[in-house]
Every structure is written in C-alpha cells, then in structure tokens.
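One-letter residues, chain by chain:
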Protein chains: 2
Amino acid sequence: METITSLHNPKVTVWRSLRDRKGRMETGSFLVEGRRSVEEAIRSGASILSLILQDDYTEPLPQLSAPVYRVPAHLMAHICDTKTPQGIAAQTAFPDFPFRGGKILALDGVQDPGNVGTILRTADAAGMDGLILSDSCADIYAPKVLRATMGSIFHLPCQRVASLPDRLSQLAASGIPVLASVLNGNPFFAVLNTLPDSFCLVIGNEGNGISQQVQDVCTHRLTLPMRGDAESLNAAVAAGIMMYALCSRNEWGGA
Amino acid sequence: METITSLHNPKVTVWRSLRDRKGRMETGSFLVEGRRSVEEAIRSGASILSLILQDDYTEPLPQLSAPVYRVPAHLMAHICDTKTPQGIAAQTAFPDFPFRGGKILALDGVQDPGNVGTILRTADAAGMDGLILSDSCADIYAPKVLRATMGSIFHLPCQRVASLPDRLSQLAASGIPVLASVLNGNPFFAVLNTLPDSFCLVIGNEGNGISQQVQDVCTHRLTLPMRGDAESLNAAVAAGIMMYALCSRNEWGGA
C-alpha cells in the first residue's frame, strides 16, 4: 500500500481527469465512488486498476490484486465527484463484455445524465440484453450517469456507436424489427404481441425525439397512448413502460 | 394595468412568498411561470388571481378578467423561481375540481420534487383519475414539481391527506383493491388481469418504500419482475410501468 499526499502526484492527476470524458477516453477507465459501488464493481468482475482509500478508511478491504493507495481527505475530495465520497474509490477499466443480440435498447441523443443512468438501470431490471447509444448521448461513464445506474453498468453490455443510423440499418437488414418510439405512430399495445422475441427499441432525445435519419431506418413507428392532457412522457418513463411491456409479455396471467 | 417598481410593494411580497409552501398555504395559491404554462393554466380554466408581466413583454395577452401588473426585470427575477422567467407569471388559485373514484394513484412519502412532478404527468397521460399524496410527499405546487408536471397539474385531481393509512382504509373498506408496489410481493403481471377497473395503486418513498402503516391497509402486495442484477427501479419509472399496464390492459392486441 502506497501513501500519496501531494496534489501534484501524477496518479492524482490521472484520477482527477476521469471526471471528464476526455480523461476517461484517454485512459479507457472511469472512477467508481463509494463502498457499495466499488464492491458491486468487484463482484461483477470489473477490472480494477487502482483502489483509492482515504487515510481514515477502516472498513474491511475486498480481496483484490490491484494496487491500493492511501490519500488524505482533501485529496479524496479533489479526485471524487461526489461531495461525500465515503472514503473509497476505484479506477476501473471500461467493462468489456460481449454484445449479443436479443432485446436491445437504442438511445438517440438522450442527453440528460440522470435519464441515461435511469434508463440503463431500468433496461437491466426489465431483462434487456444490450444498450446502444448514439454519439450524441450523455457518456455512460460520467459521474452523474453512474450514480443513476446503481451498478447496472457492470451487468448490461453497452455500445457507443459513431453512426446510429448505420448500426440500426444493419439490425433491420438482419430481420430485427427496429421500433421507433414516436408521438404520432401506431398504438404500441395493439402491436405488442405481434413482435418477435428479438427486437431493438429506439428512444429519442428528451425534447426533439428521434432524429429523422434514425426514423428513416426504423421498421415500426409506435406510440404509447396519451390520455388526459399530457403531451408527452419523460424519456426514462416511456422507455421503462415499453421495455417492461416487451419483456414481460409472456407473464401476463389473469382471469 | 398597474405598474409596480418597488421591491417592498405588498403584492411583490405575496408573490415572492409563493416560492415557499407556507406562503402557498396562507394564500391558497401558487405561481405559474412562463408563457406556455400560463396559457395552459388559463386554457384549463384555472382561477388566475394576478397576471404579472415584465415591462418589456410584448407577446399578445390572453383574454382574462384578472388584474394585470407590469414589473421591471429585476422584480420579475425576484418573484420567479426560474432563472429565465420569460417575462410572464400568474398567481393562480389551487385547482379545485371534484375527486372522483376510478383509477387512483397514491404516493407515500415520495419526496423528490422531480419524481412527484414526473409521476403526476405520467398519471395524467396513462389515464388515471386522481392522485392522493401523503403529507410527507413533496408539495405539488413547489416550483420544481410544477416544472416536471408540464401542465398536468391542471388536469388531474390531487388530494393531500393528513393520514394516508386512514384514506386507504376507507377505499379498501369500500371494496377498492389497494395495491402496494413492494420489493417482495406477488408477480405484478400475473395478477394484472384479475383486477377490476377501479383500483388504488400505492407507490412508496424512493429509498424506504411504503411505510409499514400503509402496507398494513393494502389489500395486495405486488412486485415488478427484476431481471438482470438491478435491485430496484426509480419510483417514477415503476409508477409509470404499473399505471400504463393497469390502464392499457384492454388495448393489448396481437397475433
């Protein structure tokens, strides 16, 4: 275990740089903050590059081959994004697990970090198999996104693609229905049971919806019913309703 | 039209007081900010008590019997919660429309203003008939809640109750199923089609779920499937999934 006390230590500079996308991209890693999140990362088999402990951290340490560093409280605060970082953080390599087909969610320009994190967490819970993000989405490794994912980032394969229209065209060409969630499409619940087990659901930007280039490659235009006088739904809520309906179709029992 | 220029004008003091729950409760009114929201309030037949315009506001004014006041920009900023209040605001009486039965949502200690606002908006869109809030919920007339409701506050009857267990007991006693959304209950989708058209769905606090006193009076304990490794869902997302499934049961078509 090494003790670091200087703000100018190169390791501190790297850890602090993980707050920004540039630093994350350059190192291929991100910072996991807090005991529960670090334990979740380790439990999920994520590759921990450095474990960073505040000097007064006394909780039992996880079994780990990564180097461990002790830092004073002001250095911990300098490195971490959270105001109360709980004395433990881990520089962690981007998860790299195979992206298989199946039930896929694609996000087109979803920019609010809380929305992206909540959607990722919901996709994991609903039983989706993977997430594709357009390059205009919030970075899934940004601190605010990570806090909203509640650990699901370690379970759900995620792909950020340079061209979402190209990626979705490939899926459509291979026979996968690509379902655009739009405002004036066909009734979602009416077609639900006609869809196969493998599909790609596309959710658009909070204000502008799905871009025209992406809509052009979608095979279905679907809309949730809007009763009352509401004009639209929050992107994370709409995504949750559609994913759960699609993933739970076979569980509907009843009278 | 009256022009007000002094920060110490009693009307300014009242408008500014609407930022806080105390001021709203004392006046029975709240502040609607921005052109779209004010138009929505008027269109919905809400009772406007004062229309407040910034002195350089030049958009056409709605037909209205309420008194109109002109104020300079710094007074507008002092009154409004939004940073860019768009030059128009309206002191508006609490909506007072009849609370009928039917499809009811009850919130037990949902404290995040964004969650409460999003849930209200989703309830309106899903086709719910009313919302009951425990006294420990965020105030639906707080500025942050209003922004998240996107106008649904003017369409969905809402009741804040001193004792949620008492209110739900009454519903249960009158034969309405009271459905607790909990973590270890019966599978939600399996019982969905056994439920009648009138029901009350209960959503709990973001961290602690539904309080024991409320759980004790619920007639059903229901749980959404949790696949992946997610432990729970965001309260607004869970509410949205359940409300849409309950309100759209009859629209499911398919193969």
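Since we're looking at a predicted model, the values are computed, not measured. (Residues numbered from 1 in each chain as written. Chains lettered and ligands numbered in written order. Predicted model: local features only at pLDDT ≥ 70, side-chain atom pairs only at ≥ 80, totals over all residues. Heavy atoms only, no water.)

Got a sec to walk through the packing of aromatic side chains? Specific residues and values, please.
All names here are of chain A. All told, the structure shown has twelve aromatic pairs over all chains when counted by the stated rule. An angle of 65° between the planes, with centres 5.3 Å apart, marks the rings of Trp15 and Tyr69 as edge-to-face. Of this pair, Trp15 sits in helix 1 (residues 10–17) while Tyr69 sits in strand 4 (residues 68–71), and the two are 54 residues apart along the sequence. With respect to class, Trp15 is no different from Tyr69; both count as buried. (Phe/Tyr/Trp six-rings, centres within 6.5 Å; stacked < 30°, edge-to-face > 60°. Helix = DSSP H or I, 4+ residues; strand = E, 2+ residues; numbered from the N terminus. Buried < 20%, exposed > 50% of the residue type's maximum accessible area, 1.4 Å probe, protein only.)

An account of the interface of chain A and chain B is needed here, citing residue identities and associated values.
Counting residues at the interface gives 41 residues for chain A and 41 residues for chain B. Between chain A and chain B, the buried area comes to about 3,500 Å², and carbon and sulfur atoms account for 55% of it. Among the residues of chain A in contact with chain B, Arg227, Tyr244 and Trp252 of chain A are the three that bury the most area, contributing 21% of the side total. At the surface where chain A touches chain B, the tally comes to two salt bridges. A salt bridge links Arg227 of chain A to Glu251 of chain B; its shortest N-O distance comes to 2.5 Å. For the pair chain A and chain B, the number of links is 18 residue pairs in polar contact (both at pLDDT 80 or more). Those elements that place two or more of their residues in the side of chain A that touches chain B are helix 3 (35–43), helix 5 (113–126), helix 8 (188–191) and helix 10 (235–247) of chain A. Take the side of chain A that touches chain B: its biggest share by element is seven residues, from helix 10 of chain A. Class assignment of the residues belonging to the side of chain A that touches chain B gives a composition of 18 nonpolar, 14 polar and nine charged. (Contact = heavy atoms within 4.5 Å. Buried area = accessible area lost by both parts, 1.4 Å probe. Salt bridge = Lys/Arg side-chain N within 4 Å of Asp/Glu carboxyl O. Polar contact = N/O pair within 3.5 Å; in protein donor to acceptor, adjacent residues only side chain to side chain. Nonpolar A, V, L, I, M, F, W, Y, C, P; charged D, E, K, R; others polar.)

Residues and numbers for the sheet that holds strand 10 (residues 199–204) of chain B, please.
Residue and element names in this part refer to chain B. Strand order in the open sheet formed by six strands is 8-7-6-10-9-11, and the pairing between neighbours is parallel. Both outer strands of the open sheet, strand 8 (158–161) and strand 11 (220–223), are each paired with one neighbouring strand and no more. If you compare each strand with its neighbour and ignore which way they point, the axes differ by 35° on average. The pairing of strand 6 (residues 103–108) with strand 10 spans six bridges and is parallel. Within strand 10, the position partnered with Lys103 by the bridge is Phe199. Its contacts with the sheet put helix 7 (residues 164–173) on strand 6, strand 7 (130–134), strand 8, strand 9 (178–187) and strand 10, and the angle it makes with strand 6 is roughly 155°. (Pairing = 2+ DSSP bridges. Axes fitted to C-alpha atoms, helices over the stretch in contact; angles between N-to-C directions.)

Kindly report on the relation of the copies chain A and chain B, identifying the contributing residues and their values.
Of the transformation placing chain A onto chain B, the axial shift is 0.0 Å and the rotation is 180°, giving an RMSD of 0.0 Å. Such a turn and shift between the copies fits a two-fold axis. In this assembly, 100% of the residues forming the interface of chain A have copies in chain B that are likewise at the interface, indicating an isologous arrangement. (Least-squares fit on C-alpha atoms with pLDDT ≥ 70 in both.)

Explain the domain arrangement of chain A residue by residue, including any values.
Accessible area lost when the parts come together is the quantity often used to give the size of an interface. Residues and elements named next belong to chain A. According to the domain assignment, chain A contains domain 1 (2–93) and domain 2 (103–251). Here the C-alpha centroids of domain 1 and domain 2 sit 32 Å apart. Taken together, the contact between domain 1 and domain 2 spans 14 residues of the former and eleven residues of the latter. Between domain 1 and domain 2, a total of about 1,000 Å² is buried, with carbon and sulfur atoms accounting for 62% of that surface. At the surface where domain 1 touches domain 2, the tally comes to four salt bridges. Between domain 1 and domain 2 we count five residue pairs in polar contact (both at pLDDT 80 or more) in total. (Domains from an automatic or database assignment.)

For the packing of helix 10 of chain A against helix 10 (residues 235–247) of chain B, give the residues involved together with the corresponding values.
In contact at an axis separation of 8 Å, helix 10 of chain A and helix 10 of chain B are set at 50° when each is read in the N-to-C sense. Considered as vectors, helix 10 of chain A and helix 10 of chain B are oriented oblique to each other. For the pair helix 10 of chain A and helix 10 of chain B, the sense of crossing is right-handed. For the pair helix 10 of chain A and helix 10 of chain B, contact is made by Ala236, Val237, Gly240, Ile241 and Tyr244 of chain A and by Ala236, Val237, Gly240, Ile241 and Tyr244 of chain B, respectively. Residues of the contact of helix 10 of chain A with helix 10 of chain B, tallied by class, amount to eight nonpolar, two polar and no charged. (Parallel < 35°, antiparallel > 145°, perpendicular 65-115°, else oblique. Left-handed = near helix turned anticlockwise from the far one by under 90°.)

Tell me what's going on with the side chain of Asn115 of chain A, and back it up with residues and numbers.
All names here are of chain A. Locating Asn115 in the fold gives a position in helix 5. Judged by relative accessible area, Asn115 falls into the buried class, the value being 11%. Apart from the residues within four sequence positions on either side, Asn115 is in contact with Val110, Glu206, Asn234, Ala235 and Ala236.

Account for the nonpolar core, with residues named and values stated.
Core analysis: the biggest nonpolar cluster contains 121 residues, and Leu105 of chain A together with Leu105 of chain B have the highest contact counts within it. Setting aside residues no more than four positions away along its own chain, Leu105 of chain A makes contact with Ile119, Ala123, Met128, Gly130, Leu131, Ile132, Leu201, Ile203 and Met243 of chain A. (Core = buried A, V, L, I, M, F, W, Y, C linked by side-chain atoms within 4.5 Å.)

An account of the pairing of strand 10 of chain B is needed here, citing residue identities and associated values.
Residue and element names in this part refer to chain B. Burial within strand 10 is extensive, with six of its six residues counted as buried. Taking every second residue as pointing to the same face, both faces of strand 10 are buried, with Phe199, Leu201 and Ile203 on one and Cys200, Val202 and Gly204 on the other. Here three bridges tie strand 9 to strand 10, and the two strands are oriented parallel to one another. Bridging from a neighbouring strand, Ala180 pairs with Val202 of strand 10.

Report on the side chain of Asp108 of chain A, specifying residues and quantitative values.
Residues and elements named next belong to chain A. With respect to the element layout, Asp108 can be found in strand 6 (residues 103–108). Buried Asp108, no salt bridge; nearest opposite-charge side chain is Arg160, N-O distance 10 Å. Once you skip the residues sitting within four places of it in the chain, Asp108 turns out to touch Ser134, Ser136, Cys137, Leu164, Val202, Ile203, Gly204, Asn205, Gly209, Ile210, Ser211 and Val214. (Lys, Arg positive; Asp, Glu negative; His and termini not counted.)

Which residues make up the pattern of salt bridges, and what values go with them?
All names here are of chain A. Under the definition given, this model contains 20 salt bridges over all chains. Taking the shortest distance from any N to any O, the salt bridge between Asp139 and Arg21 comes out at 3.9 Å. Here Asp139, found in the loop between strand 7 (130–134) and helix 6 (143–149), pairs with Arg21, found in helix 2 (residues 21–27); they are 118 residues apart in sequence, far enough to count as distant. Classification of Asp139 as buried rests on a relative accessible area of 9%. A salt bridge links Asp139 to Arg24, with the shortest nitrogen-to-oxygen separation between them at 2.8 Å. Here Asp139, found in the loop between strand 7 and helix 6, pairs with Arg24, found in helix 2; they are 115 residues apart in sequence, far enough to count as distant. Salt bridges sharing common partners tie together Arg21, Arg24, Asp135, Asp139 and Arg160.

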